[in-house]
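The lines below spell out each chain.
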Amino acid sequence: MKTMDKVIETQTDEQALAELMAMMPQVPPAKFVKVADIPWTSFPGLENCAKFKLLRVDPETLGHTMIFSYRSGVGPHRHMSSVEILTLGSGSWSYKGEGTAQGGDYTYEYAGATHHAVTENDEWVDAFIVSKGPLQMINDDGTPGMVVDAMAFYIAAKANNAVDHLPDEPFGG
């Protein structure tokens with residue numbers, strides 16, 4: 001079997017590139033999604049303060065990628081896996097005692113983090129979110145509430161006819 005060094009040493013750049021590409025595992029082509037064409041779906045149980053556009057689901061980790069639009073009222077929650085957030089637009093939001101994010105700001109949240117998002121002046125804020133797994137809502141009395149994962153988001157989005165860009169039955173039939 002040839003190594004990459006041997007391939008590069010003995011062939012022209014074009015030949016070497018062709019051989020290296022042939023050695024690479026075959027993967028599906030890039031997926032392009034027209035986000036503007038995806039209808040907003042209400043977040044189950046929080047219809048007055050949260051909606052989303054589901055962009056991708058991960059059946060293995062139950063993580064997801066989405067555009068999330070929300071305002072104060074979502075309530076406290078605990079992340080069971082890490083989360084990355086890019087705040088979009090001009091709104092701002094904060095976690096009490098942790099910090100504030102405005103449009104263009106990036107936030108990383110660790111697995112196990114528990115907090116309560118509040119938006120400035122109860123305005124809607126949009127964010128691009130990559131969640132590596134589920135989150136758990138916290139009930140008013142402080143006890144663990146419902147777990148929300150990629151499957152829950154998928155079921156809600158499918159009921160809203162907002163999953164045409166996703167694989168059919170990503171969690172099995």
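Residues numbered from 1 in each chain as written. Predicted model: local features only at pLDDT ≥ 70, side-chain atom pairs only at ≥ 80, totals over all residues. Heavy atoms only, no water.

Colleague: Give me the overall build of the protein chain: which residues, what numbers.
Modeller: Regarding its fold elements, the protein chain presents three helices and twelve strands. Taken over C-alpha atoms, the radius of gyration comes to 21 Å for the protein chain, far larger than the 16 Å a tight globule of 173 residues would show. Taking the principal axes of the C-alpha coordinates as reference, the protein chain spans close to 70 × 40 × 30 Å. Burial status across the protein chain gives 38% buried among its 173 residues. Sequence-distant contacts in the protein chain: of pairs separated by 6 or more residues, those separated by 24 or more amount to 58%. About 10,600 Å² of surface is accessible on the protein chain, with carbon and sulfur atoms providing 55% of the total. (Helix = DSSP H or I, 4+ residues; strand = E, 2+ residues; numbered from the N terminus. Rg over C-alpha atoms; globule rule 2.2 N^0.38 Å. Buried < 20%, exposed > 50% of the residue type's maximum accessible area, 1.4 Å probe, protein only. Contact = heavy atoms within 4.5 Å. Areas by Shrake-Rupley, 256 points an atom, 1.4 Å probe, with all protein chains shown as cover.)

Colleague: Please provide a residue-by-residue account of the packing of aromatic side chains, values included.
Modeller: One pass over the structure, following the stated rule, counts seven aromatic pairs. Where F68 meets Y70, the ring centres are 5.2 Å apart and the plane angle is 25°; that geometry is what we call stacked. Side by side, F68 and Y70 carry an identical accessibility label, which is buried. With centroids separated by 5.9 Å and ring planes inclined at 70°, the aromatic side chains of Y154 and F171 adopt a geometry described as edge-to-face. With Y154 in helix α3 (residues 150-159) and F171 in the segment after α3, this residue pair connects regions lying 17 residues apart in the sequence. For F171, a relative accessible area of 23% gives the class partly exposed. Connected via pairs of aromatic rings, a cluster forms that spans F43, F52, F68, Y70 and F153. (Phe/Tyr/Trp six-rings, centres within 6.5 Å; stacked < 30°, edge-to-face > 60°.)

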